[in-house]
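Breakdown of the fold
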Amino acid sequence: MLEVTDLCKQFRLYDQPVDRLKEAITRRTRHRLHQGLNGVSFRVAPGETLGVIGRNGAGKSTLLKIVTGVMMPDRGRVHTDGRTTGLLELGTGFNAELTGRQNIIANGLLLGLTRREVDERVDAIIDFAELDAFIDEPVRTYSSGMVMRLGFSSAIHAEPSCFVVDEALSVGDAHFQQKCMRRIRDFQARGGSILFVSHDLNAVKMLCDRAVVLEHGTVMADTTPDAAVNQYNRLISGREEDTERDHAAFEDGFGYGTGAARVVGAELAGEDSGAETVASGEWVNIRLVIQAEHPVPDLTCGILLRDRFGQDIYGVNTHYLEERLALSPDDCIELRFRICAELASGHYTLTVALHSAENHLENCYHWCDNLLQLQVAGVRTHPFAGVCRLPTECAIGSAEGPMFKKRIAGS
Ligand SMILES: Nc1ncnc2c1ncn2[C@@H]1O[C@H](COP(=O)(O)OP(=O)(O)OP(=O)(O)O)[C@@H](O)[C@H]1O
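Residues take numbers from 1 onward in each chain, read along the sequence in its written order. Only residues with pLDDT of 70 or above have their local features reported here, since the model is predicted, and side-chain atom pairs are shown and tallied only from 80 upward, although totals for entire chains, interfaces and linings are computed over all residues.

A closer look at the overall build of the chain
- Helix and strand assignments come from DSSP, with helices taken as H or I runs of at least 4 residues and strands as E runs of at least 2, each series counted from the N terminus. Of the regular secondary structure elements, the chain holds nine helices and 19 strands.
- Across its three principal axes, the chain shows a C-alpha extent of roughly 75 × 70 × 40 Å.
- Across the 411 residues in the chain, those meeting the buried criterion constitute 36%.
- Residue pairs in contact within the chain that sit at least 24 positions apart in sequence constitute 70% of those at least 6 positions apart. Remark: C-beta atoms are placed from the backbone, and a residue is labelled buried if 20 or more other C-beta atoms sit within 10 Å of its own, exposed if 12 or fewer do, or partly exposed between those counts. Note on contacts: each residue gets a C-beta atom placed from the backbone, and two residues are in contact if those atoms are within 7 Å.

So, in structure tokens, the structure goes:
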């Protein structure tokens, strides 16, 4: 369990580094105060994973530093029913001159383990971090990936009750990231609380039970991961001040945006089934009706398929397809996408967006989350595992061809 109550943190900002010294000598104030965190409160129950998302400078790192005890708040408190460990900015807590092994010991003692508890865990930590050959070298000789492996392994083996994960995880290679994810899920299943800070919105949707959106050092939303990601998307599309108005403007619609152009009609159907339920491998027709209220000289229409976890599966838009669109006020056009649903069986949603250029960050006219539903049942082609079918060929011949690029050990 982790409970954070009314955390506040102010920073002193100086125009030039020398102002700090001048202030100390002359005792004349030369700084401005900046509120890094302002009354942040939330609770993470045992076994729960809370995502934290927010724009650059929103206060995520400051929050993590306070939660892990690296920084003290000016006000407020952090309460846990055990130890909090985590993977903070790469290398935090490591001494670059000490070896990996010495760092494991120092770190363990710092986290409150006894020397005996640390000794009992050292081999498992080295083993998980896959650092056997380098463990007696100074950490300054390690690559960023190796530092991350050491940090993750030390932190998770300290048996915390709350584990903090941030972007540092993305430094590792795909193999180690997957290994960490398995370990995180295992920790989750055993009742550990997780604070997961990430810009990877899909990962937030996949891993978290709830998510908070931080903005200017305050909690702007504490809600489901899907709703939090939508809120965050609104923020980065620069519409945060207009949220209320957008909602009102689209009360009878399904989204938000400036409204310069809007999706006023949408339907999808399998080419053979004629319905929202299609077979894997069947072509699907998506029909959209778009109306302009104002001149829109550069219009992009995009579609995004998400699976039942809210994970983005496939997105495409008219900009990628090099179809140029421009609308005058009152223009009403029909746009059709035809996609082949080479997807695993399951439930999908289709989000539709109208914006300029490549994405919605500059001008978001209308964003309609999960506007349409698509059900995939049964397979047209061969069965497959995973989320989608990639066109595949398979050939069988003699093994006397050119050398394989990767030799498998023992062969
Ligand atoms: N040591 C510091 N001195 C002065 N200001 C700071 C300090 N640390 C953070 N800040 C300020 O506090 C605010 C929050 O910063 P923080 O690093 O927590 O944001 P963040 O959400 O983690 O951003 P990012 O996504 O870029 O990592 C920012 O405006 C930042 O400039």
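On we go from here.
Quick word on the domain arrangement of the chain
- Domain boundaries assigned for the chain yield domain 1 (2–232) and domain 2 (253–379).
- Every contact between the two is made by six residues of domain 1 and, on the other side, five residues of domain 2.
- Under the scheme applied here, ten amino acids are nonpolar (Ala, Val, Leu, Ile, Met, Phe, Trp, Tyr, Cys and Pro), four are charged (Asp, Glu, Lys and Arg), and all others, including Gly, are polar. The residue makeup of the side of domain 1 that touches domain 2, split by class, is two nonpolar, two polar and two charged. Note that the domain bounds reflect an automated or database-derived domain assignment.

Considerations on the sheet that holds strand 8 (residues 210–215)
- If you walk across this open sheet you meet the six strands as 5-6-7-3-8-9, and the pairing is mixed. Each edge of the open sheet carries a strand with a single partner, namely strand 5 (84–87) and strand 9 (218–223). Within this sheet the neighbouring strands show an average axis-to-axis angle of 20 degrees, counted without direction.
- A pair of strands is labelled paired if DSSP reports no fewer than 2 bridges between them. One ladder, built from four bridges, connects strand 6 (residues 162–165) with strand 7 (residues 193–197); its direction is parallel. Considered in strand 7, the bridge of Val-164 is made with Leu-195.
- Whenever a helix is involved, its axis is fitted only over the stretch in contact; in every case the axis is a line through C-alpha atoms, and angles between N-to-C directions fall within 0 to 180 degrees. Packing against the sheet, helix 5 (residues 144–157) makes contact with strand 5 and strand 6, and its axis sits at approximately 165 degrees to strand 5.

Looking at the site of the ligand
- Proximity of a residue to a molecule or strand is defined by its backbone-placed C-beta atom lying within 6 Å of that partner. Taken together, Phe-11, Leu-13, His-34, Gly-36, Gly-54, Asn-56, Gly-57, Ala-58, Gly-59, Lys-60, Ser-61 and Thr-62 make up all the residues around the ligand.
- At the level of elements, strand 1 (2–14), strand 2 (31–44) and helix 2 (60–67) are the ones that each hand at least two residues to the shell around the ligand.
- Ranked by residue count, the leading element in the shell around the ligand is helix 2, at three residues.
- Among the residues making up the shell around the ligand, the classes are represented as three nonpolar, eight polar and one charged.

Quick look at the pairing of strand 5
- Of the two faces of strand 5, both are covered, the one formed by Thr-84 and Gly-86 as well as the one formed by Thr-85 and Leu-87.
- As defined by bridge partners, strand 5 adjoins strand 6 across four bridges and the pair is classed as parallel. Considered in strand 6, the bridge of Gly-86 is made with Val-164.

Re the sheet that holds strand 1
- Within the open sheet, the three strands sit side by side as 2-1-4. Their pairing is antiparallel. In this open sheet, the two strands that pair with only one neighbour each are strand 2 and strand 4 (75–80). The mean inter-strand angle of the sheet, taken between neighbouring strand axes irrespective of direction, is 25 degrees.
- One ladder, built from eleven bridges, connects strand 1 with strand 2; its direction is antiparallel. Bridge assignment links Cys-8 to a residue of strand 2, and that residue is Asn-38.

Quick look at the nonpolar core
- Grouped together as the largest cluster of nonpolar side chains are 57 residues, with contacts concentrated most on Val-52, Leu-195 and Phe-196.
- With seven residues, the single largest contributor to this core is helix 5.
- Excluding residues that lie within four positions of it along the chain, Leu-195 makes contacts with Leu-2, Val-44, Leu-50, Val-52, Val-67, Cys-162 and Val-164. In these notes, a nonpolar core means any group of buried Ala, Val, Leu, Ile, Met, Phe, Trp, Tyr and Cys residues linked to one another through C-beta atoms within 7 Å.

A short note on unusual backbone geometry
- Of note, the phi angle at Glu-322 is positive, near 60 degrees, even though the residue is not glycine.
- The residue Glu-322 is located in the loop between strand 15 (312–317) and strand 16 (325–327) in this model.
- We classify Glu-322 as exposed; it has 6 C-beta atoms within 10 Å.
- You will see that Ala-357, though not glycine, has its phi angle at about 50 degrees, which is positive.
- The partly exposed category is assigned to Ala-357, around which 13 C-beta atoms lie within 10 Å.

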